[in-house]
Structures are given as C-alpha cells and as structure tokens.
Amino acid sequence: MSVFVTFNFVMGIRGYHVYHKDWNPFPGEHLTLIQEKQNPHDRFAVAVIKKFQAADGTEQSRVVGHVPIELSRYVHFAIEHGCKVTAEVLEAKAYRSPLTQGGLEIKSNVAVSWSDVKKFLVLRNYVQSNYDFEKRCDDQSAEILEGIKKIMVDGSTEKSDEDMENDADDDVTIPMQAESDSD
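Owing to the predicted nature of the structure, the values given are computational and were not obtained by experimental measurement. (Residues numbered from 1 in each chain as written. Predicted model: local features only at pLDDT ≥ 70, side-chain atom pairs only at ≥ 80, totals over all residues. Heavy atoms only, no water.)

On a plain count of helices and strands, the protein comes out with six helices and six strands. Among the 183 residues that make up the protein, the fraction classed as buried is 30%. A total accessible area of about 12,900 Å² is found for the protein, and carbon and sulfur atoms account for 50% of it. (Helix = DSSP H or I, 4+ residues; strand = E, 2+ residues; numbered from the N terminus. Buried < 20%, exposed > 50% of the residue type's maximum accessible area, 1.4 Å probe, protein only. Areas by Shrake-Rupley, 256 points an atom, 1.4 Å probe, with all protein chains shown as cover.)

Right, let's get into the packing of aromatic side chains. A complete count under the given rule lists five aromatic pairs for this structure. Seen from their ring centres, Phe-7 and Phe-9 are 5.6 Å apart, and the 25° between their planes marks the pair as stacked. Judged by its relative accessible area of 10%, Phe-9 is buried. Relative to Phe-133, the ring of Tyr-95 lies with its centre 5.3 Å away and its plane at 80°, an arrangement referred to as edge-to-face. Highlighted residues: Tyr-95 in strand E5 (residues 84–96) and Phe-133 in helix H4 (residues 133–136), separated in sequence by 38 residues. Just as Tyr-95 is buried, Phe-133 falls in that class too. Here the aromatic residues Phe-7, Phe-9 and Phe-120 are joined through ring pairs into a cluster of three or more. (Phe/Tyr/Trp six-rings, centres within 6.5 Å; stacked < 30°, edge-to-face > 60°.)

What follows concerns the nonpolar core. Looking at soluble globular proteins, one finds that nonpolar side chains tend to be buried together. Counting 30 residues, the largest nonpolar core has Leu-33, Val-75 and Val-112 as its most contacted members. Secondary-structure elements contributing two or more residues to this core are strand E1 (5–14), strand E2 (30–35), strand E3 (46–53), helix H2 (69–80), E5, strand E6 (104–114) and helix H3 (117–130). When neighbours within four sequence positions are excluded, Val-112 is seen to be in contact with Val-5, Thr-6, Phe-7, Phe-9, Cys-83, Lys-84, Val-85, Phe-120 and Leu-123. (Core = buried A, V, L, I, M, F, W, Y, C linked by side-chain atoms within 4.5 Å. Contact = heavy atoms within 4.5 Å.)

Over its twelve residues, H2 extends 17 Å from the first C-alpha to the last, a length consistent with the 16 Å expected when each residue adds 1.5 Å. Those residues of H2 that sit buried are Leu-71, Ser-72, Val-75, His-76, Ala-78 and Ile-79. In an axial view of H2, the angular spread of the buried residues amounts to 165°, which keeps them on one side of the axis. Among the structural elements, E1, E2, E3, E5, E6 and H3 are those in contact with the buried residues of H2. (Expected span 1.5 Å × (residues − 1). Arc of directions from axis to C-beta.)

Chain-level pLDDT for the protein is 81 on average; 74% of the residues reach the 70-or-more range. For the protein, helix H6 (residues 161–171) is the element with the lowest average pLDDT, namely 49, and E2 is the one with the highest, namely 97. Low pLDDT (under 50) marks residues 167–183, which in the prediction has one contact with non-local residues, meaning those over four places away or in another chain. (pLDDT = per-residue confidence, 0-100.)

Time to look at the pattern of salt bridges. Counted under the stated rule, the structure contains six salt bridges. Salt-bridge contacts for Arg-14 lead to Glu-105; the nearest nitrogen and oxygen are separated by 2.4 Å. Here Arg-14, found in strand E1, pairs with Glu-105, found in strand E6; they are 91 residues apart in sequence, far enough to count as distant. Notably, a salt bridge pairs Lys-107 with Glu-91, separated by 3.5 Å at the nearest N-O pair. Taken together, the residues Lys-107 in strand E6 and Glu-91 in strand E5 connect sequence positions 16 residues apart. The buried category is assigned to Lys-107, whose relative accessible area is 11%. Residue classification places Glu-91 among the partly exposed residues on the basis of a relative accessible area of 25%. One continuous salt-bridge network, built from bridges that share partners, spans Arg-14, Glu-70 and Glu-105. (Salt bridge = Lys/Arg side-chain N within 4 Å of Asp/Glu carboxyl O.)

In structure tokens:
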C-alpha cells in the first residue's frame, strides 16, 4: 500500500479573460489539472479542466484556464510522475494577472498528493519559496501615488543623469560572457 503525502497552496488559475464566456466559476467548484503537451505557448503547460454533464447526459470536459507559467514546469513533471493535482475555486472574483501582457486569474486552492516523497518535497519547496498568490496580488497603488506626489511636489518629471545611472545600477544585471580562444 502506497502512502501519499499532501500539501495545499493558493494559486491563480490563469486565462480567465479567455475562458470567461464558457466558465462561471463559483466557490467550492472542483477542477482537474492535466498536462497539455500540444500547447504552442508553453511546452510544459498544465490545463485546468472543468468536467460537466452535457445535455445528452455524457460527461464532457472543457479547459477553463492554466497553471501559471512560473509553476507549470514543476506541476507538469509531477503529473507525469504520478502526482495527483486538483484545484478548488476559492472566489469567483477575477484578479489581474501579474504578467506584462495582462489577463485575469481565478483564485483557487490546489491540492497536491504524491507517493514519491523526495519528488513531492522538491515540488512543495519550490512552490513555497517561489510562488505566493497573495503577495503578487498586493495593491501597489499607495507606492505609485506616493511617487506621483513626489514628482508633483518637486515640479520635475525628469531625473538627473546621476539618478538614471543609479537606477540602472540597481535594476539591471548584465551577464559577463567569458571570451574563448577559438583561433
């Protein structure tokens, strides 16, 4: 008999802006996660599936979103190696995606159950140290407004050359490439 270890984490189901016409999420709704190997945007994509009863009585399923790309490689690997991963909608409210291109996400609780303890620990530790739905949804409005007020009080929207250089030093890391002797 196999012993399964489990953990839960909160995740945003990505893509609601695409699937909202076909899906009205509700708290407590149970969803399945499966590999989506033919996805042209992410070869490690994991689709979130809603199962439902069709008018003719047959069980059907429909993609209603995806696991965030920050997690998809790990979740894809886990599913491929026997891990059971399910999601339950926590709120029907759509949250803004942190992606540059935007989008909407639905807050869910993901349950992970796996008999391979070593692989389970790798997945759990990665999720716990690299993905925090609540933190990435923090409202940054106060900081943005404070920055705008500062610009308005100073009367200038331009930074000095020295300020620009300091910003560049803080925000940008340029990897150095070793030269090779290929003569």
